[in-house]
Amino acid sequence: MKNILLLIISVLFSTTLFSQIFEPIKWQSSVKEESEGLYTLYFEATLDKGWHLYSQNEVETEDIAPTATEFTFYNEDKEYELIGKTTEPKGIQKFDKVFEMDIKYFEDKVVFTQKIKKIAPSLATIKAEVFFGVCDDEKCLPPDVVEFTLNLSNQLTTANNEGTSTISAEDVTKSKALDIGVKGWEKYPREEVKDQSYVKIFILGFLGGLIALLTPCVFPMIPLTVSFFTKSAKNKKRGLFNAILYGFFIFMIYILLSIPFHLLDSLDPEILNNISTNVILNIIFFIVFIVFAISFFGYFEITLPASWSNKMDDKATSVGGTLGVFFMALTLALVSFSCTGPILGSLLGGSLSSDGGAMQLSFGMGGFGLALALPFGLFALFPNWLNSLPKSGGWLNTVKVVLGFIELALAFKFLSNSDLVEHWGVLKREIFIGIWIIIGIGLILYLFGKIRFPHDTPIKNLSKARIGLGILTLAFVIYLLPGLSNTAFANLKLLSGFPPPLFYSIYEKEAHGPLGLNAYTDFEKGLSAAKKENKPIMIDFTGWACVNCRKMEEQVWSHPEVMKMLKEDYILISLYVDDREKLEEKERFMFLKESGITKSIRTVGDKWATFQTLNFENNSQPYYVLLDSDMNLLNKTTAYTPDENEYISWLQLGLEHFKNR
């Protein structure tokens, strides 16, 4: 569900960024000799206000997640010995609203230490590097690498990413080669930020609450609670007031749950468009969703400690009055957790994966709480409606089991994320779709009474609802079947963003770009093709972990007119700025910035992230540029543009400018 919500939110909201370079972190290093031959290396990171550096324990993955801080020490000649691992301070560890788990991070200033034992007497310097990513409350920057040269004879300060380094003439040449000399900036304005609408996340939360209402933990409580208030009160008006107050408190409880997020800057949402993400974390999500599914199937219950709800129930009974009504509402929130928890967790993960801050979470939680609260107030106002409510029964468990099948299907999305970024080749597109087909068939068999779960009652006659849902599921499975083929019908547009991309296939593909497009992944090769074919260039700055990049490819690029232009009219160059594939040794170099700061270019992602920053003064993704082969801009640069017509107009205008050169 997390990915469904994230997909919906990303489509609903347009998020683009001003062209801007961010350098929110500065590194320094120093050495201290503890005793003869024993040294402590210190690596100090100073962060601008609002920016976060993540723990070494956060490992990389493909969906949205923080980049782990990773230290590497170069010791080919075995001149020293590392004593233990690189240590880090306690830091801040809190529940992250994006990843639905505890995430450890640092802010302001953090010092990492590494102890070493000197083996070679002649050892004078130690070379090390740190790979890291930083995020603020609106964005994450592409992963970066800083190199250190620590002088053991100078224990005060040594090399850092703010100092100059001596680099070779070859490094200087390669650094200059990255600058392609883009011309025409004076003609086109920069793209502008578009504010998100909190109303849409509120509606999304409201829909999640409606689903939670139809679960066996909540639905039976509606007539019981309303009847209790209307019949136990001394007068009708007081009973009506208490029922409405009960609903209001339910709403407020879910609003209150979002307050800690306002107090914790680290838990503000982050736009993670281009960041190496945590493979292990995705596998954990996979396991958690499998556990949720098994729970929904009825094999066990995921509940909060019974003592919590018992205490709240006692408070409600003993306190009485308005405060007692509040504790009754809190009791409902606790006892219904086994049904609402997975839905609410999905809402948290989805809503906090987009820009909008803690206020966005409050709107989402408010929508969820309002959906749960409304029935109590409405049925208190109109008690006759209670007679029209369907009776509790086996159908409630059916709803829960259906949700279990949905959770099971979504679990494989997380496993797919890990497989995709690591290129394991285990869960390719057709295998992923095949698993969904099997799950769909299982749901069909369940709905038609062919299989049962622990809490199911025998089915004498199939209800119209079960038959209808079974037919819809069958239609969905039939829709999935072409996805197993190697035909034009394999592009299941309605599922864009869920299965692996078309080129990640068990079939041999001639084109290995997004949507099967022929996309160059090297700028020089793409430029050569543009000159040869006399076509304009579209540079697609993207990333494996870029959520909005996938949305653009699968929801906007798949439009026939966009596809036609990208295939026939443009040379498409897709540059993955978070690709950690190592460059060949001869292609690696030290990049020298104008400020004298050096950056190690060791991976494909290092190269293209630097290329983007240097030439376009922007380090966010997705980011699109239209150029001719002489490096003249053909239109303004643009970023996430979910409106198909707007994107088509942007491409068409670029073509017109190219033809009118």
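Placed above this text is the structure.
In this report, the structure presented in the accompanying data block is examined. (Residues numbered from 1 in each chain as written. Predicted model: local features only at pLDDT ≥ 70, side-chain atom pairs only at ≥ 80, totals over all residues. Heavy atoms only, no water.)

Across its full length, the protein holds 19 helices and 17 strands. Residues counted as buried form 55% of the 661 residues belonging to the protein. Long-range contacts, defined here as pairs at least 24 residues apart, represent 76% of the contacts in the protein between residues at least 6 apart. Element-wise, carbon and sulfur atoms account for 59% of the exposed surface of the protein, whose accessible area totals about 29,400 Å². (Helix = DSSP H or I, 4+ residues; strand = E, 2+ residues; numbered from the N terminus. Buried < 20%, exposed > 50% of the residue type's maximum accessible area, 1.4 Å probe, protein only. Contact = heavy atoms within 4.5 Å. Areas by Shrake-Rupley, 256 points an atom, 1.4 Å probe, with all protein chains shown as cover.)

On to the pairing of strand β1 (residues 25–35), then. Here β1 runs beside strand β2 (residues 38–47); their pairing, made up of 10 bridges, is antiparallel. Across the sheet, residue V31 finds its bridge partner in β2, namely L41. Taking the residues between adjacent antiparallel strands as the criterion, β1 and β2 are bridged by two residues, where G37 takes a positive phi near 80 degrees. (Pairing = 2+ DSSP bridges.)

The next point concerns the nonpolar core. By size, the foremost hydrophobic cluster in this structure holds 32 residues, and its most contacted members are F405, F412, W436, I439, Y446 and L480. For this core, the secondary-structure elements that each account for two or more residues are α7 (279–297), α12 (394–422), α13 (429–447) and α14 (464–480). Take this core: its biggest share by element is 10 residues, from α13. Setting aside anything within four residues of it in sequence, one finds I439 in contact with F405, L408, A409 and F412. Counting 29 residues, the second-largest nonpolar core is a separate cluster that includes A530, L575, I601 and A609. (Core = buried A, V, L, I, M, F, W, Y, C linked by side-chain atoms within 4.5 Å.)

For the rest of this paragraph, the subject is the packing of helix α17 (residues 560–569) against helix α19 (residues 644–659). Between α17 and α19, the shortest axis-to-axis distance is 10 Å and the interhelical angle comes to 30 degrees. Comparing their axes, α19 and α17 come out roughly parallel. By crossing handedness, the relation of α17 to α19 is classed as left-handed. Listed contacts from α19 to E561, V562, M565 and D569 of α17 are Y647, I648, L651, Q652 and L655. (Axes fitted to C-alpha atoms, helices over the stretch in contact; angles between N-to-C directions. Parallel < 35°, antiparallel > 145°, perpendicular 65-115°, else oblique. Left-handed = near helix turned anticlockwise from the far one by under 90°.)

As a general point, the strands of a sheet are linked pairwise by backbone hydrogen bonds and lie either parallel or antiparallel. Strands sit in the order β1-β2-β8-β5 across an open sheet of four strands; the sheet is antiparallel. Of all the strands in the sheet, just β1 and β5 (80–87) have a single pairing partner and so form its edges. Within the sheet, the average angular offset between the axes of one strand and its neighbour, ignoring direction, is 20 degrees. Two strands pair when backbone bridges link them, and β2 and strand β8 (residues 109–118) are joined in this way by nine bridges, in the antiparallel orientation. Paired with T46 across the bridge in β8 is K109.

Moving on, we get to the pattern of salt bridges. Here the structure, examined in full by the defined rule, presents seven salt bridges. Across the salt bridge formed by E129 and R602, the nearest N and O atoms sit 3.1 Å from each other. Placement of E129 in strand β9 (residues 125–132) and of R602 in the loop between β16 (598–601) and α18 (604–616) is noted, with a sequence separation of 473 residues between them. For the pair formed by E129 and R602, the shared burial category is buried. When salt bridges that share partners are traced, they join E129, E147 and R602 into one network. (Salt bridge = Lys/Arg side-chain N within 4 Å of Asp/Glu carboxyl O.)

Of the residues making up helix α15 (residues 523–533), those classed as buried are F523, G526, L527, A529 and A530. Here the buried residues of α15 occupy an arc of 160 degrees about the axis, which is enough to place them on one side. Facing away from the buried side of α15 by more than 90 degrees, the exposed set consists of K525, K531 and K532. At the N-terminal boundary of α15, the capping side chain belongs to D522, with an oxygen 3.1 Å from the backbone nitrogen of E524. N534 sits one or two positions beyond α15 and adopts a positive phi of about 55 degrees. (Arc of directions from axis to C-beta. Polar contact = N/O pair within 3.5 Å; in protein donor to acceptor, adjacent residues only side chain to side chain.)

To continue, consider a nonpolar patch on the surface. On the surface, I244, L374, L378, L381, F382 and W385 cluster together into a nonpolar patch covering about 510 Å² of accessible area. If one sorts the elements of the nonpolar patch by residue count, helix α11 (residues 357–381) sits on top with three residues. Structurally, the position occupied by I244 is in helix α5 (residues 236–256). For I244, a relative accessible area of 37% gives the class partly exposed. (Patch = residues over 30% accessible without salt bridge, like charges linked within 9 Å, V, L, I, M, F, W, Y side chains within 5 Å.)

With their axes 9 Å apart at the nearest point, α13 and α14 run at an angle of 160 degrees to one another. The pairing of α13 with α14 is recorded here as roughly antiparallel in orientation. With respect to the hand of their crossing, α13 and α14 are arranged in left-handed fashion. Contact residues: α13 offers I433, W436, I437, G440, I441, L443, I444, Y446 and L447, while α14 offers R466, L469, G470, T473, L474, F476, V477 and L480. Of the residues assigned to the contact of α13 with α14, the class counts are 13 nonpolar, three polar and one charged. (Nonpolar A, V, L, I, M, F, W, Y, C, P; charged D, E, K, R; others polar.)

Take the packing of aromatic side chains next. Counted under the stated rule, the structure contains 31 aromatic pairs. Between W27 and F132, the ring centres sit 5.4 Å apart and the planes meet at 55 degrees, which makes this aromatic pair tilted. Of this pair, W27 sits in strand β1 while F132 sits in strand β9, and the two are 105 residues apart along the sequence. Grouping residues by exposure puts W27 and F132 together as buried. Ring geometry for Y446 and F453: centres 5.6 Å apart, planes at 55 degrees, overall tilted. F453 shares its class with Y446; the two are buried. Taken together, the aromatic side chains of W27, F43, F71, F73, F106, F112, F132 and F148 make up a single cluster linked through ring pairs. (Phe/Tyr/Trp six-rings, centres within 6.5 Å; stacked < 30°, edge-to-face > 60°.)

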